[in-house]
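Architecture and fold: a report
What follows is the residue order along each chain.
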Amino acid sequence: MNNQNDEVVAPVRNRPMALATVMLSSFLYSVDWTIVAVALPHMQGAFSATPDQISWVITSYIVASAIMMPTSGWIASRLGRKRLLFVCVLGFTVASLFCALANSLLYEVIARILQGMTGALILPLSNSLILDMYPKKDHGKAFGYWSAGAFSGAVVGPSLGGYLTEYIGWEYVFYLNIPFGLLALIGIYFFINETETDNEKKMDWFGFLLLAIAVGSLQLMLDRGQRLDWLDSGEIIIELILFISCSIIFIFHIFVSSNPFLDPKLFINLRFFACLILASLYGLLTVPIMIIIPLFMESLLKYPIDTIGYLQLPRGIGIFLSLFVSGKLTDKYDSRFLIGFALICLGVSNYEMTQWNFETTRLSIIWTAFLQGVGAGIMIIPVQVLAFTMIKPKQRTEAASILQLGRSIFSSVGISITLLILFQSTSTSRGNLKNYISEFNVTNQNLSNNPNIKEIYLPFIENELQAQTLMIGYINSFLFMAIISFVSILFLFLIRKN
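Predicted, not measured: the structure shown is a model, and the values here were computed from it. (Residues numbered from 1 in each chain as written. Predicted model: local features only at pLDDT ≥ 70, side-chain atom pairs only at ≥ 80, totals over all residues. Heavy atoms only, no water.)

1. Regarding the overall build of the protein chain
Counting secondary structure elements, the protein chain contains 22 helices and 0 strands. Since a compact globule built from 498 residues should have a radius of gyration of about 23 Å, the 24 Å found for the protein chain is in line with a globular shape. The principal-axis extent of the C-alpha atoms belonging to the protein chain is close to 90 × 50 × 45 Å. The long-range share in the protein chain, meaning contacts at least 24 apart out of those at least 6 apart in sequence, stands at 84%. Entry remark: accessible area of the protein chain is about 22,100 Å², with carbon and sulfur atoms responsible for 67%. Charge centroids of the protein chain, computed over 31 positive and 31 negative side chains, lie 11 Å from each other. (Helix = DSSP H or I, 4+ residues; strand = E, 2+ residues; numbered from the N terminus. Rg over C-alpha atoms; globule rule 2.2 N^0.38 Å. Contact = heavy atoms within 4.5 Å. Areas by Shrake-Rupley, 256 points an atom, 1.4 Å probe, with all protein chains shown as cover. Lys, Arg positive; Asp, Glu negative; His and termini not counted. Charge placed at Lys NZ, Arg CZ, Asp CG, Glu CD.)

2. What to know about the pattern of salt bridges
All chains considered together, the criterion is met by 6 salt bridges. When the shortest N-O distance is used, the salt bridge between Asp-132 and Arg-81 registers 2.1 Å. In this pair, Asp-132 is assigned in helix 8 (residues 122-133) and Arg-81 in helix 6 (residues 81-101), connecting sequence segments 51 residues apart. You'll find Asp-132 and Arg-81 in the same group, each marked buried. (Salt bridge = Lys/Arg side-chain N within 4 Å of Asp/Glu carboxyl O. Buried < 20%, exposed > 50% of the residue type's maximum accessible area, 1.4 Å probe, protein only.)

3. Quick word on a nonpolar patch on the surface
Together, Tyr-163, Tyr-167, Ile-168, Tyr-172, Tyr-310, Leu-313, Ile-317, Leu-321 and Phe-370 make up a nonpolar patch on the protein surface, roughly 930 Å² of accessible area in all. Put simply, the parts of the chain that give the nonpolar patch at least two residues each are helix 10 (152-167) and helix 17 (305-330). By residue number, the principal contributor to the nonpolar patch is helix 17, which donates 4 residues. Residue position: Tyr-310 is located in helix 17. (Patch = residues over 30% accessible without salt bridge, like charges linked within 9 Å, V, L, I, M, F, W, Y side chains within 5 Å.)

4. So, helix 16 (residues 270-299)
Residues spaced three or four apart along an α-helix point in a common direction, a consequence of the helix completing one turn every 3.6 residues. Taking 1.5 Å per residue as the helical rise, helix 16 with its 30 residues ought to reach 44 Å, and the 44 Å between its terminal C-alpha atoms agrees with that figure. Where helix 16 bends most, the angle comes to about 25°, and this point is Ile-289. Burial runs high along helix 16: 24 of the 30 residues are buried. For helix 16, the capping residue at the N-terminal end is Asn-269, with a side-chain oxygen 3.1 Å from the backbone nitrogen of Arg-271. (Expected span 1.5 Å × (residues − 1). Bend = angle between axes of the 7 residues up to and from the residue. Polar contact = N/O pair within 3.5 Å; in protein donor to acceptor, adjacent residues only side chain to side chain.)

5. Some details on the confidence of the model for the protein chain
Where the model shows low pLDDT, its predicted coordinates should not be examined in detail. Across the protein chain, pLDDT averages 84, with 91% of residues at or above 70. Mean pLDDT in the protein chain bottoms out at helix 21 (residues 442-447), which sits at 50, and peaks at helix 6, which reaches 94. (pLDDT = per-residue confidence, 0-100.)

6. What to know about helix 12 (residues 177-191)
End to end, helix 12 covers 20 Å across 15 residues, agreeing with the expected 21 Å (1.5 Å per residue, within 8%). What helix 12 keeps buried is the set Asn-177, Gly-181, Ala-184, Leu-185, Gly-187 and Ile-188. The buried residues of helix 12 occupy an angular sector of 165° when projected down its axis, which confines them to one face. Along helix 12, the residues that are exposed and aim more than 90 degrees away from the buried face are Leu-183 and Tyr-189. Lining the buried residues of helix 12 we find helix 1 (15-31), helix 6, helix 7 (105-119) and helix 11 (172-175). (Arc of directions from axis to C-beta.)

7. Some thoughts on a positive patch on the surface
Taken together, Arg-15, Lys-141, Lys-328 and Lys-332 make up a surface patch of like positive charges. The topology assignment puts Lys-141 in helix 9 (residues 139-150). Residue class for Lys-141 comes out partly exposed when judged on its relative accessible area of 31%.

8. Concerning the nonpolar core
Among the nonpolar cores identified, the biggest contains 142 residues, and Met-43, Met-297, Met-379 and Phe-388 are the most heavily contacted of them. Sorting elements by how many residues they give to this core places helix 16 first, with 16 residues. In contact with Met-43, other than residues within four places in its own chain, are Val-36, Ile-54, Val-57, Glu-108, Trp-170 and Phe-174. (Core = buried A, V, L, I, M, F, W, Y, C linked by side-chain atoms within 4.5 Å.)

9. Some words on the environment of Leu-346
Considering the arrangement of structural elements, one finds Leu-346 in helix 18 (residues 335-353). Between the C-alpha atom of Leu-346 and that of Ile-483, which follows or precedes it by 137 residues, the distance is 10.0 Å. Filtering out sequence-adjacent residues up to four positions away, Leu-346 remains in contact with Leu-285, Gln-372, Gly-375, Ala-376, Met-379 and Ser-485.

10. Some details on the side chain of Gln-115
With respect to the helices, strands and loops of the structure, Gln-115 is situated in helix 7. Judged by relative accessible area, Gln-115 falls into the buried class, the value being 0%. Filtering out sequence-adjacent residues up to four positions away, Gln-115 remains in contact with Asp-32, Tyr-61, Phe-92, Ala-95, Ser-96, Cys-99, Phe-174 and Asn-177.

11. Looking at the packing of helix 6 against helix 8
At a minimum axis separation of 10 Å, helix 6 and helix 8 run at an interaxial angle of 145°. Viewed along their axes, helix 6 and helix 8 form a crossing whose handedness is left-handed. The residues of helix 8 that touch helix 6, namely those facing Arg-81, Leu-84, Leu-85, Cys-88 and Val-89, are Ile-122, Leu-125, Ser-126, Ser-128, Leu-129 and Asp-132. Here the residues of the contact of helix 6 with helix 8 are counted per class, giving 7 nonpolar, 2 polar and 2 charged. (Axes fitted to C-alpha atoms, helices over the stretch in contact; angles between N-to-C directions. Left-handed = near helix turned anticlockwise from the far one by under 90°. Nonpolar A, V, L, I, M, F, W, Y, C, P; charged D, E, K, R; others polar.)

12. So, the side chain of Ser-411
The topology assignment puts Ser-411 in helix 20 (residues 396-434). With a relative accessible area of 3%, Ser-411 lands in the buried category. In terms of polar contacts, Ser-411 uses its side chain to reach the backbone carbonyl oxygen of Gly-283, at 3.5 Å. The residues contacting Ser-411, other than those within four sequence positions of it, are Gly-283, Leu-284, Val-287 and Pro-288.

13. Remarks on the environment of Ser-485
Note on placement: Ser-485 falls in helix 22 (residues 451-487). Exposure remark for Ser-485: the relative accessible area of 0% places this residue in the buried category. Spatially, the C-alpha atom of Ser-485 lies 7.0 Å from that of Leu-285, the residues being 200 residues apart in sequence. If we ignore the near neighbours within four places in the chain, the residues touching Ser-485 are Leu-285, Leu-343, Leu-346, Gly-347 and Asn-350. One polar contact links Ser-485 to Asn-350, side chain to side chain, over a distance of 3.3 Å.

14. Observations regarding unusual backbone geometry
Backbone geometry at Asp-229 places phi at a positive 65°, although glycine is not the residue there. On the secondary structure map, Asp-229 appears in the loop between helix 13 (205-224) and helix 14 (234-256). A positive phi angle, close to 50°, is found at Trp-230, a residue other than glycine. Mapped onto the fold, Trp-230 is located in the loop between helix 13 and helix 14.

Below, the structure written as structure tokens:
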């Protein structure tokens, strides 16, 4: 007789259509992580907002998502996964319409909060529904198909957002969600079966409040820290104190509470905990690079936005191809070797970028992006499959929400650390290089008596200094990502063979 984890929990009316529905639902949420970032400059002008004010369009979405994501297990147990997924996709679609129609920054931020709150539950629900629809022996293949929808949105978002914003209007990055959302709603209604509900399960409101404050404070700190100069800001210090204190109390609370918000047994499961670390590192290694590479090409290589979008496509192609390959290999081979190979791909590609300069060719950018996509696509499937091998079906939504929350938080952590390294390295390098440029320099002294030459020469030196220091900052950021990629391989020793 098969183990309980091997059985399909819910019957499926039409498995391919159900899978397509779950993929489309996941795509809706993931694409909004990156597609809106490209439209921010245009939205800033439309709302007459400062750079700090317009950043709340991103911050509000991230914070609302992070706070709501851990609640997916409890809400799904009360409403059922199908009903909750329908409500979430409907809410996300309606919120997208409000985002496109907003005529002020306040209304835009409110609509983005609604988007984040409803969208946050889509990925954990989709994850658990995939596990329900397929037997354990096919989980790798199923995750391969699902991940094509769940993670492709973040890949195509910058390119798609760039084209829509440049040639049609920023509103269409939100209008785009509406037809996809309606299709997803039709699919949920006809092809997804409802799961059993547990109306007796109570909500640990104290635990939820502690986690919400901790996660919200961390996300605000990470998002605003660079602009407010980190610990020189009173706001950042308060957010850091709230994060540390609430996190400590929350950890203690879930282990002593009779009805904890999150099941502590998930965290003392060594395999799941190791996979949580790897899933979090996946977010750190894959999302920041998608943010800084377009900045690198725009600021130093001076590529137009459509060319930048074109050069990002190889990463998406690498992810799509490797997702399907990884799904099939995960069901047959030791997942640890696949994860190790993926981390090596990420490490090699990141190290190759430390060799870039102002003469970097498009071919170098293309093959590096493709190798990054291969590493990202191969890694995520075995991590998720390994994470759920020892998890009971009723714990799947909660476990999935924890994995997605870890990936989300570390994506923000990675972006903040990478940008901090970029700006700090740029500032330090500028100070060092300026020591070689002064009015007592022989070359400058010879030119100082010619005001016409001086007017041309000094701005040229300033521009060159800025470009060189910025290049050093990017190289150090790439080196950081390469080191983390190779060091992450050590965590594989925490996982026993499948």
